[in-house]
Amino acid sequence: TYTNGALPSIEVFQALGDSVESHTGSARDIAVIGFHIKGRQKVYDGGVRSTILLGNCQRCTAQNNYLEDTGSIGITFGGSALEKDNYANQGLFWHNVTSGVAAANMAAINSENLLVIENYVRGPGHRNPRFGGGVCGFDLETNSPADHSKNIGVYNNLFDYEHAAFEAAGSALCLQNPYKGPNLGKVVAANNIIIEGREDRIHRYMRNEIFLVGLKKCEIVNNYIFRTGQNAIQAYAIDGCLIQDNDFESTG
């Protein structure tokens, strides 16, 4: 629960190569497997740092981890491509469970050839005390035109927002390329199950299930979405994308 002024202790694992030079460094061959990380932090850092921060990691993975009530972003691949053009490559999120995570449960910044497979996101947002916001189950987001976002696959995940800490807690999938850089490519989200709630007819824990910004040649296929506060899919400035064979039930 240590804090230094307004800065809370957040990071549990960080790649050494990511800890210098404003996240422009690199790392390789790291696997974080099988940890239960339970948060005691009562202070929110605004969704800036991560419990597991792998940075511009080559051939790295986070799998079979359980993050419970942690105080910021859950697991992050990617750092910054500025200056050195380093980026995360050949990364894997697999079989992780996240519960009560305050910010994005899993995030990819400046990544290529990344797979997000068979993870379980449930009840996002920190509950005691309540903090967090704009929560994404998986957040793909570039931070500069130099950042990479290419060959990203999000498959067979379960996003369960029932009993989230807030109404309209966020979106299950945030897939965003707001910058028109040279290192952007295909993004696929397929076979995911997204549930806002089951029998609860009062609360709307999720805002939009899938939120798309600036993608080119994306594929959003064969996803099942049950209940939303607003849209099943909300998209801005997408180009050449295929949205097909999705099943929407009680959305909008």
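Preceding this section is the structure that the text describes.
All values reported here derive from a predicted model rather than from experimental measurement.

*Asks:* What's the story with the overall build of the chain in this structure? I'm lost.
*Replies:* Helix and strand content of the chain: zero helices and 30 strands. What you see for the chain is a C-alpha radius of gyration of 17 Å, in line with the 18 Å of a compact globule of 252 residues. Within the chain, the fraction of its 252 residues that count as buried is 54%. Long-range contacts, defined here as pairs at least 24 residues apart, represent 74% of the contacts in the chain between residues at least 6 apart. Counting only carbon and sulfur atoms, one obtains 50% of the accessible surface of the chain, whose full area is about 10700 Å². Each charge sign in the chain was given a centre, from 20 positive and 26 negative side chains, and these centres are 2 Å apart.

*Asks:* Please clarify how the state of the cysteines should be interpreted in this entry.
*Replies:* Here a disulfide denotes a covalent bond joining the sulfur atom of one cysteine to the sulfur atom of another. Taken as a whole and assessed by the stated rule, the structure comprises three disulfides. In this model Cys57 forms its disulfide with Cys60; the gap between the sulfur atoms is 1.9 Å. Judged by the torsion about the S-S bond (-55°), the Cys57/Cys60 disulfide is left-handed. The connectivity of the disulfide-linked cysteines in the chain, indexed sequentially, is 1-2, 3-4, 5-6.

*Asks:* Even after reading the chapter, I still don't get the sheet that holds strand 16 (residues 120-122), so can you show me in this structure?
*Replies:* Hydrogen bonds along the backbone pair up the strands of a sheet, which may run parallel or antiparallel. Within the open sheet, the eight strands sit side by side as 6-10-13-16-21-24-27-30. Their pairing is parallel. The sheet is open, and its two edges are formed by strand 6 (36-38) and strand 30 (247-249), each paired on a single side. Mean inter-strand twist for the sheet, computed between neighbouring axes without regard to direction, equals 5°. Across three bridges, strand 10 (residues 66-68) lies against strand 13 (residues 97-99) in parallel orientation. Its bridge partner being in strand 13, Glu68 is matched across the sheet by Ser99.

*Asks:* Honestly, the pattern of salt bridges in this entry has me stumped. Any pointers?
*Replies:* As a working rule, side chains carrying opposite charge can pair if their charged atoms are close by. With the rule as written, the count across this model stands at nine salt bridges. Linking Asp29 and Arg59 is a salt bridge whose minimum nitrogen-to-oxygen distance equals 2.9 Å. Here the residue Asp29 occupies a position in the loop between strand 4 (27-28) and strand 5 (31-33), and Arg59 occupies one in the loop between strand 8 (57-58) and strand 9 (61-63), the gap between them amounting to 30 residues. Residue Asp29 is classed as partly exposed on the basis of its relative accessible area, which comes to 48%.

Criteria and cut-off values
- Residues numbered from 1 in each chain as written.
- Predicted model: local features only at pLDDT ≥ 70, side-chain atom pairs only at ≥ 80, totals over all residues.
- Heavy atoms only, no water.
- Helix = DSSP H or I, 4+ residues; strand = E, 2+ residues; numbered from the N terminus.
- Rg over C-alpha atoms; globule rule 2.2 N^0.38 Å.
- Buried < 20%, exposed > 50% of the residue type's maximum accessible area, 1.4 Å probe, protein only.
- Contact = heavy atoms within 4.5 Å.
- Areas by Shrake-Rupley, 256 points an atom, 1.4 Å probe, with all protein chains shown as cover.
- Lys, Arg positive; Asp, Glu negative; His and termini not counted.
- Charge placed at Lys NZ, Arg CZ, Asp CG, Glu CD.
- Disulfide = S-S within 2.5 Å.
- Pairing = 2+ DSSP bridges.
- Axes fitted to C-alpha atoms, helices over the stretch in contact; angles between N-to-C directions.
- Salt bridge = Lys/Arg side-chain N within 4 Å of Asp/Glu carboxyl O.

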